[in-house]
Amino acid sequence: MNTSSSPISSPLGSPAPVTPGLSAGIQTPEPQPSRPASGPDRLEEISVVIPAMNEEASLAELHGRILDVCEQQNVRVQIVFVDDGSTDKTWQKMVSLCGTASDQSHSTSALRLRRNFGKAAALSAGFSVARGSIVFTMDADLQDDPTEIPRFLEKIQGGLDVVSGWKQTRHDPWHKVLPSRVFNALVSSLTGVRLHDHNCGFKAYRREVLAEVDLYGERHRFIPVLASARGFRVGEIVVQHHARQHGVSKYGVSRLVKGFLDLLSIHLVTGYGRRPLHLIGTAGLLCFAVGSVGITYLSIKWVWSRMGEGDVLHLHSTAIFYYCILAVLLGAQCVLAGLLAELVISVAAARDRREMMNMSDAQTNSILNTDDHSRLLPNASGYSVSDWAGLGEPNHQSTWSRDVDSTGPIHDA
């Protein structure tokens, strides 16, 4: 262990061991007496969550690079691999990397999903076991450079809650780069979160950010947008991007369609999630107003035509008359739908407040803390875990696995 390099000062105070209880992204540190360590004090433990699908050739090298960087910076690190339905020997490689620590400087864990649930579900599974006060996400294909980790930490210490990577120079084919840039510009303009690369998988988060973000479907690329909507501070740094060395890309043209639909969903949730009447009601009032003006005009013209002025107007033979009636009915239905949505939101908010008030500290501890082993709890991301490795007792470094089913409410994954 190299302890001669200057450590990065802790942004969250002195390090404290954390109980490895698993939950849907929320864990509570358990105060314990600090243990003396040789050399400078360590930064509070960070976690690196790495989803992978058919990436067996790159895992060992990525694992070694992360450990080297954290050792140089005197940072304690927990590496969490998530096998998202691989068909090669990715899981066997992950298991072989678990429990290889020679001291307490790092730990390596692995989760195996029963099938390919998508990147968002894989990240959610990794977040559920992450112990660090700062959680990193990065891809397993060696295109993200672990040497950037200290720069992310400096930005977090500077006051940011979310730091996103910006692959300013990309080593990808043009048919991936061009649509990505158009998509990033559209996301920035529509959401107001100005990032150059929303799609970059290399990001860092304070732990409390992940506790407040509902992650499912394809929402992983919108975590900074969701965090900003909750009041967290979001920024970015330019990161080095490497060409893929092993395997093939897992994304195709369908990613663009899904991304656009998810963008509409995110815009609705972040902009009108607590005030749906403002969106639906505005559209309804606009339709109602246009229809009403049209019907009023036709009615006046109908009366005027029967007073001997011009040709007689027959409303039943005028197409615009039916369009105006349709607009009035549609507007009334939209306003009614908005009012019902407001009622649902109010009832849900009241229920959530009651549940929070009724949750005692004893109940919380019984969920978050375990005595001997870590355990997987029901989640809200629609994934099912079949095996895990490296999640034994807090200070036990041996690799072990156990069959477990952790299926929560199923969302679109």
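Residues numbered from 1 in each chain as written. Predicted model: local features only at pLDDT ≥ 70, side-chain atom pairs only at ≥ 80, totals over all residues. Heavy atoms only, no water.

1. Remarks on the environment of Asn-199
Along the chain, Asn-199 turns up in the loop between α5 (174–191) and β6 (203–206). Note: C-alpha distance between Asn-199 and Lys-167 (32 residues apart in sequence) is 9.4 Å. (Helix = DSSP H or I, 4+ residues; strand = E, 2+ residues; numbered from the N terminus.)

2. Here we look at the UniProt feature "transmembrane region" (unreviewed entry) in the protein chain
Under the feature "transmembrane region" (unreviewed entry), the UniProt entry names residues 277–300 and 320–350. With 100% helix and 0% strand, the stretch residues 277–300 has end C-alpha atoms that lie 33 Å from each other. (UniProt positions renumbered as here; feature names shortened; annotations may be inferred.)

3. Structural notes on unusual backbone geometry
One non-glycine residue, Asn-54, lies in the positive phi region at around 55 degrees. Mapped onto the fold, Asn-54 is located in the loop between β1 (43–52) and α1 (59–72). In this model, Asn-74 sits at a positive phi of 60 degrees, which is unusual for a non-glycine residue. Topologically, Asn-74 is positioned in the loop between α1 and β2 (75–83).

4. Brief notes about a nonpolar patch on the surface
A cluster of nonpolar side chains, Leu-186, Leu-190, Val-257, Phe-260, Leu-261 and Leu-264, forms an exposed patch at the surface whose accessible area comes to about 510 Å². For the nonpolar patch, the element with the highest residue contribution is helix α8 (residues 254–272), accounting for four residues. (Patch = residues over 30% accessible without salt bridge, like charges linked within 9 Å, V, L, I, M, F, W, Y side chains within 5 Å. Areas by Shrake-Rupley, 256 points an atom, 1.4 Å probe, with all protein chains shown as cover. Salt bridge = Lys/Arg side-chain N within 4 Å of Asp/Glu carboxyl O.)

5. Structural notes on the side chain of Thr-137
Along the chain, Thr-137 falls in strand β4 (residues 134–137). The class of Thr-137 is buried, set by a relative accessible area of 5%. There is a polar contact of 2.9 Å between the side chain of Thr-137 and the backbone oxygen of Gly-201. If we ignore the near neighbours within four places in the chain, the residues touching Thr-137 are Val-49, Leu-123, Phe-127, Gly-201, Phe-202, Lys-203 and Tyr-205. (Buried < 20%, exposed > 50% of the residue type's maximum accessible area, 1.4 Å probe, protein only. Polar contact = N/O pair within 3.5 Å; in protein donor to acceptor, adjacent residues only side chain to side chain. Contact = heavy atoms within 4.5 Å.)

6. Quick notes on the packing of aromatic side chains
Across all of its chains, the model carries five aromatic pairs by this definition. With centroids separated by 5.8 Å and ring planes inclined at 75 degrees, the aromatic side chains of Phe-136 and Phe-152 adopt a geometry described as edge-to-face. Remark: Phe-152 occurs in helix α4 (residues 149–157) and Phe-136 occurs in strand β4; sequence separation between them is 16 residues. Both residues of the pair, Phe-136 and Phe-152, belong to the buried class. Ring centres of Phe-321 and Tyr-322 lie 5.6 Å apart, and the angle between their planes is 70 degrees; on these two criteria the pair is classed as edge-to-face. The exposure class of Tyr-322 is partly exposed, given its relative accessible area of 45%. (Phe/Tyr/Trp six-rings, centres within 6.5 Å; stacked < 30°, edge-to-face > 60°.)

7. A short note on α4
Buried within α4 are the following residues: Ile-149, Pro-150, Phe-152, Leu-153 and Ile-156. Down the axis of α4, the sector holding all buried residues measures 155 degrees, keeping them to one side. Within two residues after α4, Gly-159 carries a phi angle of roughly 120 degrees, on the positive side. (Arc of directions from axis to C-beta.)

8. Description of the nonpolar core
In terms of nonpolar packing, the biggest core is built from 37 residues, with Val-49, Leu-113 and Phe-127 touching the most fellow members. When residues of this core are traced back to their parent elements, those giving at least two are β2, β3 (106–113), α3 (119–127), α5, α6 (207–211), α7 (223–229), α8 and β8 (385–389). If one sorts the elements of this core by residue count, α3 sits on top with six residues. Counting residues in each nonpolar core, the second largest holds 36 residues, with Ile-46, Ala-52, Leu-67 and Ile-237 among its members. (Core = buried A, V, L, I, M, F, W, Y, C linked by side-chain atoms within 4.5 Å.)

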